[in-house]
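Examination of the molecular architecture
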Amino acid sequence: QKLAEAILQEKKDFNISIHLARSLPLPSERDHLRPRIDLIVFMIDIKSKYSLKNVETSLAYVDASFFLGKVCFLVTGVGRVNACSIDTNAVCKLGEAYCSPVLFCELELEGVRGATAQRLLRILQICAGHIPGVSALSFVSLMRKSDVD
Amino acid sequence: GQKGKKKIKLKTVGQRYFIDGQREKKKQCDYPPCLLTHCESVDAQKIAFLLRKAWTLYSVTPLFRFHRARLTEYARLLSAFIAAEKRKGLAVEVGVELDIKVALTSLADLRGSELDQAALLVQLSSRSQASSRNSEDKLVWSGWFCSMFGDDFSENVLEDFTCLPLFLSHGAESYTTLVGSWFQKTFDCCFRRLAISPLNLSWMVAMWAGCKLDRAASAVELVFSVPCLSQPLDISYAIHPEDAKALWDTVQKTPGEITQEEVDVFMDCLYAHFHRHFKIHLSATKLVKVSTAVASAHCDGIVKILHSQYLPGVLMLLTELAISQIQ
């Protein structure tokens, strides 16, 4: 919730609408009213294994075309290493399996929240095609390069 | 935390076991032959003091210029330090003026391999001045430094340093602070409370629930704390030890080795079973304590070792945790 607000507060010159959902699929009644989805951010709380399971099951409902750079995983709560219930390797493997970037952040801290909002906004701009010369597909090739390293 | 690819080597008699910290997280659960179990002269009495006590865990950075030959001198200095602090007004016991005696002992066999430093035991005893000459000293606090197969850590350390990354204390925290500050001042080291994450607790319960025990074992218990409620709620989940072991036996593929996947499967089975009965998702709560017949551990970094046979294994795991907190 707070992250959504932070994103909306960032200076930008285009309209964003953010839809928060606990899991997928989204209720089909509103399908015809829904605008084009440019980016899906899956949030995983490092303190809750349940959130990882939830994301894994929700992934099945996402159309394959989204995985060409329009999906991103956001791992929250990384500030508290001692409350970690999830193996970070597993999350990175998930990111690799779905060719999508994995971002780590701590939403409790306002500064980090703002920075995360900016990063997501930047990713969103690229996904929506607002940056000439850079498409969402670039994320996929960037992922592959770092894998080779 | 874990930084990049970390390879931990465990040296045993003639063989090397590799744990790759990055891709496939594996742990060795059958500890290699260590000096503790193989030394003929190990007195069961000696290690009896370790068992059935709640130890508070700390990670300790290497000690600078620590000389094992000077133990009596160190004991004298620590004793003087404690007396001085008391006079300053940091009294630890109200009422009877207690005279604190310090004893430092080296426990030569309490280590994993030759590369480990022998454990160091610190004991504080009191003899009440008011009582008769025949009164015995009463042990008021004990703490010990240890390294169980911590060779990967000590390998890269310079000569003047002694590596004993794990510290366990039992007794009043005021004494722990006194002893800790003396060590920190004298050997330029740093003590930090060792917290245990839910992830590591689940490793522990999986490893220990699978241990073979000859005697009748106590139940395997997991305690969860439920977040985001107006009143804190703790859920205790007890499992019959034989059921837990049977479940673990179906999950573990290679004897002597455990992977993160196997631990996940084990925990998921337990969560699913609970959910079927109570419709509660334990995976959304925080695992705070695990208890088995081998040992119990709390996320605040408090451990109780109950079984001498698995003492080296437990210490090896704790040493590894301490090292990863330091690095």
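Residues numbered from 1 in each chain as written. Chains lettered and ligands numbered in written order. Predicted model: local features only at pLDDT ≥ 70, side-chain atom pairs only at ≥ 80, totals over all residues. Heavy atoms only, no water.

We count it as follows: UniProt positions are given in the numbering used here, feature names are shortened, and annotations may be inferred rather than shown by experiment.
In the annotation of an unreviewed UniProt entry, chain B is listed under the name Centromere protein L and assigned to Cyanistes caeruleus. Looking at chain B in UniProt, the text filed under Sequence similarities (unreviewed entry) is "Belongs to the CENP-L/IML3 family."

As annotated in an unreviewed UniProt entry, chain A carries the name Centromere protein M and comes from Cyanistes caeruleus.

Focus on the overall build of chain A
Heads up, the condition is: Only DSSP runs of H or I with at least four residues qualify as helices, and only runs of E with at least two residues qualify as strands; both kinds are numbered from the N terminus onward. Exposure is judged per residue with a 1.4 Å probe applied to protein chains only, and the accessible area is read against the type maximum: over 50% gives exposed, under 20% gives buried, and values in between give partly exposed. For this analysis, residues touch if any pair of their heavy atoms sits within 4.5 Å. Every accessible area reported is derived by Shrake-Rupley at a probe size of 1.4 Å, with residue values counting cover from the shown protein chains alone.
Regarding its fold elements, chain A presents five helices and three strands. Taking all 149 residues of chain A together, 40% fall into the buried category. The contacts in chain A between residues at least 6 apart in sequence include a share of 73% that link residues at least 24 apart. Accessible surface, chain A: about 8900 Å² in total, of which carbon and sulfur atoms supply 54%.

Some points on the overall build of chain B
For chain B, the helix and strand inventory stands at nine helices and 17 strands. A total of 327 residues make up chain B; the buried ones form 48% of that total. Excluding contacts between residues fewer than 6 apart, the proportion of contacts in chain B whose partners are at least 24 apart in sequence is 69%. Total accessible area on chain B stands at roughly 16300 Å², and carbon and sulfur atoms take up 52% of it.

Quick look at the confidence of the model for chain B
The predicted coordinates of low-pLDDT regions are not to be read in fine detail. Residues and elements named next belong to chain B. Worth spelling out the cut-off: Confidence of the prediction at every residue is given by pLDDT, a number between 0 and 100.
With 81% of its residues at a pLDDT of 70 or more, chain B has an overall mean of 80. Scored below 50 in pLDDT, residues 1-24 makes 53 contacts in the model with residues more than four places away or belonging to other chains. Counted against residues more than four places away or in other chains, residues 37-42, with its pLDDT under 50, gives eight contacts. On the interface metric, ipTM, the complex scores 0.76, and its pTM is 0.81.

Describing the state of the cysteines
Residues and elements named next belong to chain B. What counts, and what does not: Two cysteine sulfurs form a disulfide in these notes if their separation is within 2.5 Å.
In total, this model carries zero disulfides over all chains according to the counting rule given. In this model Cys-163 remains outside any disulfide bridge; the closest cysteine sulfur is found in Cys-189, 11 Å from its own. Judged by its relative accessible area of 5%, Cys-163 falls in the buried class.

Digging into the interface of chain B and chain A
Going by this rule: Buried area counts how much accessible surface, traced with a 1.4 Å probe, disappears from two parts once they are put together, with both parts' losses summed. Criterion for a salt bridge: a side-chain nitrogen of Lys or Arg within 4 Å of a carboxyl oxygen of Asp or Glu. Residue polarity is assigned by list, with Asp, Glu, Lys and Arg as charged and Ala, Val, Leu, Ile, Met, Phe, Trp, Tyr, Cys and Pro as nonpolar; anything else, Gly included, falls into the polar class.
Contact residues are listed per partner, giving 21 residues for chain B and 17 residues for chain A. Summed over both partners, the interface of chain B with chain A comes to about 1400 Å²; 45% of that surface belongs to carbon and sulfur atoms. Counting the contacts that link chain B with chain A gives four salt bridges. Of the charged contacts, one joins Asp-268 of chain B and Lys-49 of chain A as a salt bridge, the two residues approaching to 3.4 Å between their closest N and O atoms. Among the secondary structure elements, those contributing two or more residues to the side of chain B that touches chain A are α6 (198-209) and α8 (260-278) of chain B. If you tally residues by element for the side of chain B that touches chain A, the top one is α8 of chain B, at six residues. A class-by-class count of the residues in the side of chain B that touches chain A yields seven nonpolar, eight polar and six charged.

Structural notes on the packing of aromatic side chains
Residues and elements named next belong to chain B. This is how the line gets drawn: Aromatic pairs are defined between Phe, Tyr and Trp rings, using the six-membered ring for Trp, whenever the two ring centres lie within 6.5 Å; interplanar angles under 30 degrees are classed as stacked, those over 60 as edge-to-face, and all others as tilted.
Enumeration over the complete set of coordinates arrives at 23 aromatic pairs over all chains. Judged by centre distance (5.1 Å) and plane angle (45 degrees), the ring pair of Phe-64 and Phe-161 falls under tilted. In this pair, Phe-64 sits in strand β5 (residues 63-64) while Phe-161 sits in strand β9 (residues 161-162), placing the two residues 97 residues apart along the sequence. Taking relative accessible area as the criterion, Phe-64 reaches 27% and is therefore assigned partly exposed. Under the relative-accessibility criterion, Phe-161 is labelled partly exposed at 31%. The rings of Tyr-58, Phe-66, Tyr-74, Trp-141, Phe-145, Phe-167, Trp-182, Phe-183, Phe-187 and Phe-191 are connected pair by pair, giving a single aromatic cluster.

A word on the sheet that holds strand β2 (residues 71-76) of chain A
Residues and elements named next belong to chain A. Filter applied, for reference: A pair of strands counts as paired when DSSP detects no fewer than two bridges linking them. As a rule, the C-alpha atoms of each element are fitted with a line to give its axis, helices using only the stretch in contact, and angles between N-to-C directions run from 0 to 180 degrees.
Ordered by their spatial adjacency, three strands build an open sheet running β1-β2-β3, and the pairing between neighbours is parallel. Pairing within the sheet leaves two strands with one partner each, and these edge strands are β1 (40-45) and β3 (102-104). Averaged over all pairs of adjacent strands, the angle between their axes in this sheet comes to 25 degrees, without regard to strand direction. As defined by bridge partners, β2 adjoins β3 across three bridges and the pair is classed as parallel. Counted as the bridge partner of Phe-73 is Val-102 from β3. In this fold helix α3 (residues 88-97) packs onto β1, β2 and β3, with an angle of close to 145 degrees to the strand it touches most, β3.

Overview of the pattern of salt bridges
Scanning the model with the defined rule gives eight salt bridges over all chains in all. The closest approach of N and O atoms between Asp-249 of chain B and Lys-245 of chain B, which form a salt bridge, is 3.2 Å. Taken as a pair, Asp-249 of chain B and Lys-245 of chain B lie in helix α7 (residues 241-251) at a separation of four residues, close to a single helical turn. Residues joined by salt bridges that share partners form a network here, namely Lys-49 and Lys-53 of chain A together with Asp-264 and Asp-268 of chain B.

Focus on helix α9 (residues 311-326) of chain B
Worth spelling out the cut-off: Between the first and last residue of a helix there are one fewer steps than residues, each counted as 1.5 Å, and that sum is the expected span.
Between its first and last C-alpha atoms α9 of chain B spans 22 Å; for 16 residues at 1.5 Å apiece the expected length is 22 Å, and the two agree. In terms of burial, α9 of chain B is a largely internal element, 14 of the 16 residues being buried.

A closer look at the side chain of Ser-169 of chain B
All names here are of chain B. Along the chain, Ser-169 turns up in strand β10 (residues 166-171). By relative accessible area, which is 3% here, Ser-169 ends up buried. With residues up to four places along the chain from it excluded, the contact list for Ser-169 reads Ala-54, Trp-55, Thr-56, Tyr-58, Trp-141, Ser-142, Gly-143 and Thr-176.

What about unusual backbone geometry?
All names here are of chain B. With phi around 50 degrees, Asp-188 is a residue other than glycine that occupies positive phi space. By the element assignment, Asp-188 lies in the loop between α5 (173-187) and β11 (191-193). A positive phi angle, near 55 degrees, is found at Lys-279, a position not held by glycine. Checked against the element boundaries, Lys-279 lands in the loop between α8 and β15 (286-291).

Description of the nonpolar core
All names here are of chain B. Short version of the rule: In this text, buried Ala, Val, Leu, Ile, Met, Phe, Trp, Tyr and Cys residues form a nonpolar core when linked through side-chain atoms within 4.5 Å.
Within the largest apolar cluster, 65 residues are counted, with the highest numbers of intra-cluster contacts made by Trp-144, Met-204 and Leu-222. Sequence-distant contacts of Met-204, defined by excluding residues within four places in its chain, comprise Ile-196, Val-290, Ala-297, Leu-317, Leu-318 and Leu-321. Phe-66, Val-102, Leu-120 and Phe-145 belong to the second largest nonpolar core, which has 28 residues in total.

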